[in-house]
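Topology and contacts: notes
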Amino acid sequence: MRPTISLIAREAGMSTATVDRVLNDRDGVRGKTRDRVLAIANRLGYFVQGADAARQDVRVDFVLPAGTNSFMTALGRHLLEEAAARPDVQARLHLIEGFDANKLAKKLYELREQTQAVGLVGLDHPQVRDAIMALRDSGVHVSTLVSDIPISARLGYVGIDNRAAGRLAALLLGRFLPQHTERKVAVFVGSLAYRGHEEREMGFRSLLSEEFPHLRIAHILEIGDDRDRAFAVTQDLLRKDPPHAIYNIGAGNQGIARALKEARPAEARSSQGAFAPRIVFVGHDLTEATRRLLLDRTMDAVIDQNPRVEAREIVKLLVAAVKGAPEPSYLPRLQVIFRENIPEP
């Protein structure tokens, strides 16, 4: 579908009358304005006709945090698979140090002249917001993924309701632990600079206060979504002030689990070889690692979001926007996975 003058005007931040004068080579338009309109019209395929227009490729870039996060690794794979399944999409994946706003903003600025759409998992930080606005002003569509950055410059958000996810985690711990008996809870956080992590912590704290006031958050520990740091922090916690329950908001489940296993004496094993639960452990995202941790009873529950669904929805959203046919954003469902309902890989 050929882009409309209204779409080009919206992308350029100009009136339709100005765009019409440029496209029809009329006088009364400054050279800089003319160049900008023509560049956007070319990028959107305005001058491509007929069958060639239908075959026009859409250039999409995805920016995800680098590191040992198994969920992000799976998400990146699904994003490239979903894009590859569409003959009209050319996609690239960029991995950036997850908690460095400078590096993330720099990459976003670099993409202004290279792409038509960007999907990103990013920090809610002033530098990142400014970079998103710069992308929008250059005509690039931007959608957030997994963790939102709610500004008008972004096209939409694809991901779960993270506040609801935190409340769900609190409900699980409240049901797992003894009623009306004071218990200590440790909360592990990747970084509160991620809005998604902040929202999960807020939701978790809110429901504990409402429904389970006997559960006290004794520790909030920031681990940068790094499993080695998670292991060291958990070891230190277990030595100094072991909690009755752990809620891990982000990644690092493998590090926490390793420390829990190493701290359990041999007699804590059941006759089947599984670990008898001593500390209730709830985390996020069903991966091969968390699947194993559910099976050996190190984890009690995993709150899952489906990265394949999120990849499919953000590709649809961005491609539709580039082609001038807006697609509504979609909030995937939350699902709680226990040892007894682990889905097939």
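Preceding block: the structure.
Residues numbered from 1 in each chain as written. Predicted model: local features only at pLDDT ≥ 70, side-chain atom pairs only at ≥ 80, totals over all residues. Heavy atoms only, no water.

Considering the pairing of strand β6 (residues 183-189)
The buried count for β6 comes to six of seven residues, which makes it a mostly enclosed element. Alignment of β6 against strand β7 (residues 215-222), held across seven bridges, turns out to be parallel. What sits directly across from K184, in β7, is R216. Regarding the hand of the β-α-β motif, the stretch spanning β6, helix α9 (residues 195-211) and β7 is right-handed. Bridge analysis of β6 against strand β8 (residues 245-248) gives four bridges, and the strand direction is parallel. Looking at β8, one finds that F188 is bridged to N248. (Buried < 20%, exposed > 50% of the residue type's maximum accessible area, 1.4 Å probe, protein only. Helix = DSSP H or I, 4+ residues; strand = E, 2+ residues; numbered from the N terminus. Pairing = 2+ DSSP bridges. Right-handed = clockwise from strand over helix to strand, strands pointing away.)

Structural notes on helix α12 (residues 288-295)
Turn by turn, an α-helix covers 3.6 residues, leaving residues three or four places apart pointing in a common direction. Residues of α12 that are buried include every one of A289, T290, R291, L293 and L294, and no others. Contacts made by the buried residues of α12 are with α11 (253-263), β9 (280-284), β10 (301-304) and β11 (335-337). (Contact = heavy atoms within 4.5 Å.)

With respect to the nonpolar core
Among the nonpolar cores identified, the biggest contains 42 residues, and L75, L108, V118, L120, I132 and L145 are the most heavily contacted of them. The element contributing the most residues to this core is helix α13 (residues 307-322), with seven residues. If we ignore the near neighbours within four places in the chain, the residues touching V118 are D61, V63, L108, L111, L135, V140, H141, V142, S143 and L318. Ranked by size, the runner-up nonpolar core spans 22 residues in total, among them A186, A230, L238 and I279. (Core = buried A, V, L, I, M, F, W, Y, C linked by side-chain atoms within 4.5 Å.)

Comments concerning the pairing of β8
What you see with β8 is no split at all: A245 and Y247 on one side and I246 and N248 on the other are buried throughout. In the sheet, β8 pairs with β9 via three bridges, with the strands oriented parallel. Residue pairing in the sheet places Y247 in a bridge with V282 of β9.

Notes on the packing of helix α5 (residues 70-84) against α13
Look at α5 against α13: their axes get within 8 Å of each other, and the N-to-C directions meet at 45 degrees. Of the possible angle classes, the one that applies to α5 and α13 is oblique. Once α5 is placed against α13, the crossing between them reads as right-handed. The segment α5 lies against α13, with F71, L75, H78, L79, E81, E82 and A83 engaging P307, R308, E310, A311, R312, I314 and V315. The residue makeup of the contact of α5 with α13, split by class, is eight nonpolar, one polar and five charged. (Axes fitted to C-alpha atoms, helices over the stretch in contact; angles between N-to-C directions. Parallel < 35°, antiparallel > 145°, perpendicular 65-115°, else oblique. Left-handed = near helix turned anticlockwise from the far one by under 90°. Nonpolar A, V, L, I, M, F, W, Y, C, P; charged D, E, K, R; others polar.)

As for the packing of aromatic side chains
All chains considered together, the criterion is met by three aromatic pairs. Considering the side-chain rings of F99 and Y194, the 5.2 Å spacing of their centres and the 70 degrees angle between planes classify their relative orientation as edge-to-face. With F99 in the loop between β2 (89-97) and α6 (101-110) and Y194 in the loop between β6 and α9, the pair connects residues that are 95 residues apart, well separated along the chain. On the basis of relative accessibility, which here comes to 33%, the residue F99 falls in the partly exposed class. Between F176 and F338 the ring centres are 6.5 Å apart and the planes differ by 85 degrees, which places this aromatic pair in the edge-to-face class. Highlighted residues: F176 in helix α8 (residues 162-176) and F338 in the segment after β11, separated in sequence by 162 residues. The residue whose ring lies beneath R258 is F231, and the NZ or CZ to ring-centre distance is 3.6 Å. (Phe/Tyr/Trp six-rings, centres within 6.5 Å; stacked < 30°, edge-to-face > 60°. Lys NZ or Arg CZ within 6 Å of the ring centre and 35° of its normal.)

Considering the side chain of T287
Here T287 shows up in the loop between β9 and α12. According to the relative accessible area criterion, T287 is buried, its value standing at 15%. Ignoring anything within four residues of it in the chain, the contact list for T287 reads S70 and F71.

What to know about the pattern of salt bridges
For the structure on display, the rule yields 23 salt bridges. Of the charged contacts in the structure, one is a salt bridge between D61 and R92, with a shortest N-O distance of 2.8 Å. One end of the pair, D61, is in strand β1 (residues 58-66); the other, R92, is in strand β2, and 31 residues separate them in sequence. Of the residues examined, D61 reaches a relative accessible area of 1% and is grouped as buried. Of the residues examined, R92 reaches a relative accessible area of 36% and is grouped as partly exposed. When the shortest N-O distance is used, the salt bridge between R195 and E199 registers 3.1 Å. Placement of the pair is R195 and E199 together in helix α9, with a separation of four residues, close to one helical turn. (Salt bridge = Lys/Arg side-chain N within 4 Å of Asp/Glu carboxyl O.)

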